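For reference, the chains in residue letters:
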Amino acid sequence: MIYAKYINTNGRKVFRIDPRIILFSALFMGILASVPKILRMHITLGELTIDFSISFLFSLFVWYFNIYSLPKFSIQNISTRFFNKKLVISLSIGVVVMASIVLIHHIIFPKYGFNTMVLMYEFRGVLINLTIYMFLYLLYQTYNSQQIKFELEQIRTDNLNAQYELLKQQINPHFLFNSLNTLKSMIDIKDESSGDFVVRLADFYRFTLDNRKMDLIPLKKELTILDAYVFLLTSRFEDGIEFKIDIPEEILNSYIPPFTLQLLCENCIKHNIVSLAHPLIIKLYSDNEYIIIENNFQPKNIPQESAGIGIENIRERYKHFAEKELTILHNDHNFTVKLPIVDESFSNRR
């Protein structure tokens, strides 16, 4: 039987406990708190029932107040401190609520003189509050630990799938076929840069194999991979494609998921016309906390089918490795992707 669990609320996980557990524990607290009066020889059943009622109602309040004040689950924001602001708030509100419950009982049953026992009930309320808070804290932290393990395992699985999809896209038979055709044409016309083309092609695939298992790589290395890729594309499309790269030196030591820029460039070519009459212009630059890749929007007359794997892989990896998500902007003239800059300190925490 599952006594506690996370439920989805608006796409986020909220901690909840089986109401039966809350009810039985509140009953137990009510009985336990009434033990001192039970031990008295001359206590009446009515007085005992009212005393039990006060503790029972207060216990129910404490349970639900603390449960609904718990933060929604986030793997990047897990509270591990027992004595914190939430405990202080719970104790403070508990004092007011206990006084209110005692006052209501005093008004309804004035003959028992509950107004003279407020301090005793307040002390009892603090003990009940601390007991329930501690029990809930232990449950919450236990479930958070289990949830984190599950999330990390899911991330590992997703990362392996992403690596597989990336490898299929980077070592793309279609891209290799086009590159070899370009090389053949260069050799046929005795192009002097054909030797450089072979070297760059080999560099690109070597970089691909060496870095495909990395979670993050320095931006400087990513630009080196991109440079080899750009050379291959400009050799193939000549003046039909133009790259404008303006990345300041101060962000070269930041980090980026490998092959992100290459995948985005490949995405530009896949969905846009590339010709001498309509050159595709791809710009790469930075703006505040983002690396931006932008191209002029000139969609193909017959749109090419896409599974959206490239963009989705990048989006999922940024959810894990950065505190911000990538942003996509699109209008009739430009298609823009803004990538959050992952600094070195965050990379070291991974």
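The structure presented is a predicted model; accordingly, all values stated were derived computationally and were not measured.

## Looking at empty space enclosed by the protein
Now for step 1: In total, this model carries 3 cavities of 30 Å³ or more according to the counting rule given.
Now for step 2: What the second largest cavity holds in volume is close to 50 Å³.
Now for step 3: Looking at the second largest cavity, the residues that line it are Leu264, Asn267, Cys268, Ile293, Glu294, Asn295, Phe335 and Val337.
Now for step 4: Considering only residue class, the lining of the second largest cavity consists of 5 nonpolar, 2 polar and 1 charged.

## Overview of helix α3 (residues 45-68)
Now for step 1: Across its 24 residues, α3 extends 35 Å between first and last C-alpha, which sits within 8% of the 34 Å expected from 1.5 Å per residue.
Now for step 2: For α3, the complete set of buried residues consists of Glu47, Ile50, Asp51, Ile54, Ser55, Phe56, Phe58, Ser59, Val62, Trp63, Asn66 and Ile67.

## Remarks on the sheet that holds strand β9 (residues 334-340)
Now for step 1: Here 5 strands make up an open sheet; going across it, the order is β4-β6-β7-β9-β8 and the pairing mixed. With partners counted over all chains shown, the strands left at the sheet margins are β4 (241-246) and β8 (327-330), one partner each. If you compare each strand with its neighbour and ignore which way they point, the axes differ by 15° on average.
Now for step 2: Relative to strand β6 (residues 280-287), β4 runs parallel, the two sharing 6 bridges. By the bridge assignment, Ile245 is partnered in β6 with Leu284.
Now for step 3: Packed onto the sheet, helix α8 (residues 219-237) meets β4, β6 and β7 (290-296) and runs at close to 160° relative to β4.
Now for step 4: The sheet contacts of helix α9 (residues 260-271) involve β4, β6, β7 and β9, and relative to β6 the element is tilted by about 145°.

The rules behind these values
Residues numbered from 1 in each chain as written. Predicted model: local features only at pLDDT ≥ 70, side-chain atom pairs only at ≥ 80, totals over all residues. Heavy atoms only, no water. 1 Å grid on protein atoms, 1.4 Å probe; cavity = no way out; pocket = protein on both sides within 12 Å on 5 of 7 lines; lining within 4 Å. Points joined across faces, edges and corners; volume = space filled by probe spheres on them. Nonpolar A, V, L, I, M, F, W, Y, C, P; charged D, E, K, R; others polar. Helix = DSSP H or I, 4+ residues; strand = E, 2+ residues; numbered from the N terminus. Expected span 1.5 Å × (residues − 1). Buried < 20%, exposed > 50% of the residue type's maximum accessible area, 1.4 Å probe, protein only. Pairing = 2+ DSSP bridges. Axes fitted to C-alpha atoms, helices over the stretch in contact; angles between N-to-C directions. Contact = heavy atoms within 4.5 Å.

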